Amino acid sequence: MLKVSGLNAGYGSVNILWDLEFEVKDGEIVAILGSNGAGKTTMVRAVTGMLKPSSGSVQFNGDELSGKNTRYILDAGIVQVPEGRQLFTEMTVLENLEMGAFNRKTKEHFRDNLKKAYGWFPRLEERAKQAAGTLSGGEQQMVAVARALIGEPRLLILDEPSLGLAPNIVDDILKVASDMADHDGISVLLVEQDITKALACADGGYVIENGKIVLHGTAKELSENEHVKKAYLGI
Ligand code: ATP
């Protein structure tokens, strides 16, 4: 589904990502793991068209996306939940969810998808008329995930969903991601610093350090890897 190869990108003359290679298959949850400043968000920007790669290829179901704009990439089915959620805090939960329906197809399907989103996160239905900014951090993250789902992703990118949230809320959010992968065939690219949580729900993953992929494997292989244990899990 998504195949990234030889991807280089950076800011101005500073290169941040070095020859990244990774793959996400249909219905798979793939974790991109790394600490602060490793280049994870830069990678998300390069895949979603927010940052133009200096070289390399981003293939999505055979379509070359490198150099395409965010609108084209969104229409192709790559929808992200950005780091920090980026909700419209003055607008209601429902209005934020409406923003997720960005094209004719998703506008037509909005009612059905809204029902589905409320099924995943019942609390959002109770809070539909409330301003998003008045919700707890966990509820705001649910709005951000639900808004992305209303955009009917084929690949959902979750950028650091655990940031600042209580562990049980993170579990709820990752459970929805797993269910979507299992039942709806949506693939998930899970970008995380919380390696334990990410590996508990991912099929496999890649470890990124200083803009380079230094390791990849199944979730089991990574959680048993000596470098991962020492550098990230403290064991
Ligand atoms: P975090 O978990 O903190 O979000 P990250 O792994 O997502 O970290 P990036 O945000 O991709 O890392 O940052 C990678 C490198 O790129 C860092 O050295 C950072 O200082 C640099 N960087 C990020 N954004 C910019 C920017 N807009 N302009 C210049 N340099 C940037």
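Preceding block: the structure.
Residues numbered from 1 in each chain as written. Predicted model: local features only at pLDDT ≥ 70, side-chain atom pairs only at ≥ 80, totals over all residues. Heavy atoms only, no water.

Chemist: Kindly report on the overall build of the protein chain, identifying the contributing residues and their values.
Modeler: Helix and strand content of the protein chain: 11 helices and 10 strands. For the protein chain, the spread of C-alpha atoms along the three principal axes comes to 45 × 40 × 35 Å. Partitioning the intrachain contacts of the protein chain with sequence separation of at least 6 by distance along the chain shows that 68% fall at a separation of at least 24. With an accessible surface of roughly 10900 Å², the protein chain has 49% of that area assigned to carbon and sulfur atoms. Of the side chains in the protein chain, 25 bear a positive and 32 a negative charge, and the two mean positions are spaced by 3 Å. (Helix = DSSP H or I, 4+ residues; strand = E, 2+ residues; numbered from the N terminus. Contact = heavy atoms within 4.5 Å. Areas by Shrake-Rupley, 256 points an atom, 1.4 Å probe, with all protein chains shown as cover. Lys, Arg positive; Asp, Glu negative; His and termini not counted. Charge placed at Lys NZ, Arg CZ, Asp CG, Glu CD.)

Chemist: Give me the nonpolar core: which residues, what numbers.
Modeler: If you look at soluble globular proteins, the nonpolar side chains tend to sit buried side by side. Leu33, Leu97, Phe121, Leu124, Leu156, Leu158 and Leu190 are the most contacted members of the largest nonpolar core, which totals 50 residues. Ignoring anything within four residues of it in the chain, the contact list for Phe121 reads Met142, Val145, Ala146, Ile173 and Val176. (Core = buried A, V, L, I, M, F, W, Y, C linked by side-chain atoms within 4.5 Å. Buried < 20%, exposed > 50% of the residue type's maximum accessible area, 1.4 Å probe, protein only.)

Chemist: Can you break down the packing of aromatic side chains residue by residue, with the values?
Modeler: The tally for this structure, following the rule as stated, stands at 1 aromatic pair. Taking the ring centre of Tyr72 as reference, the NZ or CZ of Lys68 above it sits at 4.8 Å. Lys212 extends its terminal NZ or CZ atom over the ring of Trp18, reaching a point 5.6 Å from the ring centre. (Phe/Tyr/Trp six-rings, centres within 6.5 Å; stacked < 30°, edge-to-face > 60°. Lys NZ or Arg CZ within 6 Å of the ring centre and 35° of its normal.)

Chemist: With reference to specific residues and values, describe the site of the ligand.
Modeler: In the neighbourhood of the ligand, 14 residues make up the surrounding shell, with Asn36, Gly37, Thr41, Thr42 and Glu160 lying closest. Glu83 is positioned with one of its side-chain polar atoms (N or O) 3.2 Å from an oxygen atom of the ligand. Calculation on the ligand without its partners gives an accessible area of 630 Å², and the protein chains cover 61% of this total. Broken down by element, the shell around the ligand gets its largest block of residues, 4 residues, from helix α1 (residues 40-48). Along the lines of polarity and charge, the residues of the shell around the ligand split into 3 nonpolar, 7 polar and 4 charged. (Near = heavy atom within 4 Å. Polar contact = N/O pair within 3.5 Å; in protein donor to acceptor, adjacent residues only side chain to side chain. Nonpolar A, V, L, I, M, F, W, Y, C, P; charged D, E, K, R; others polar.)

Chemist: Which residues make up the sheet that holds strand β4 (residues 55-60), and what values go with them?
Modeler: Strands sit in the order β2-β1-β4-β5 across an open sheet of 4 strands; the sheet is antiparallel. Lying at the two open borders of the sheet, with one neighbouring strand each, are β2 (14-24) and β5 (63-64). Along the sheet, α1 contacts β1 (2-11), β2 and β4; its crossing angle with β2, the most-contacted strand, is approximately 70 degrees. (Pairing = 2+ DSSP bridges. Axes fitted to C-alpha atoms, helices over the stretch in contact; angles between N-to-C directions.)

Chemist: If you had to explain the sheet that holds strand β7 (residues 155-159) to someone new, which residues and values would you point to?
Modeler: Strand order in the open sheet formed by 6 strands is β6-β7-β8-β3-β9-β10, with mixed pairing between adjacent strands. Single-partner strands in this sheet number two, and they are β6 (78-81) and β10 (212-218). Adjacent strand axes in the sheet meet at a mean angle of 20 degrees when their direction is disregarded. Strand direction decides the pairing type here: β6 and β7, joined by 4 bridges, are parallel. Opposite Val79, over in β7, you have Leu156 as the bridge partner. Where helix α11 (residues 226-233) meets the sheet, it contacts β9 (204-209) and β10, and its direction lies at approximately 60 degrees from that of β9.

Chemist: Explain unusual backbone geometry to me, using residue names and the numbers behind them.
Modeler: In the Ramachandran plot, Asn61 falls in the positive-phi region, its phi being about 50 degrees despite a non-glycine side chain. Along the polypeptide, Asn61 turns up in the loop between β4 and β5. Assessed through its relative accessible area of 37%, Asn61 is described here as partly exposed. The phi angle at Glu160 is positive, at roughly 50 degrees, despite the residue not being glycine.

Treat this as a map of the structure, not an account of what it does.
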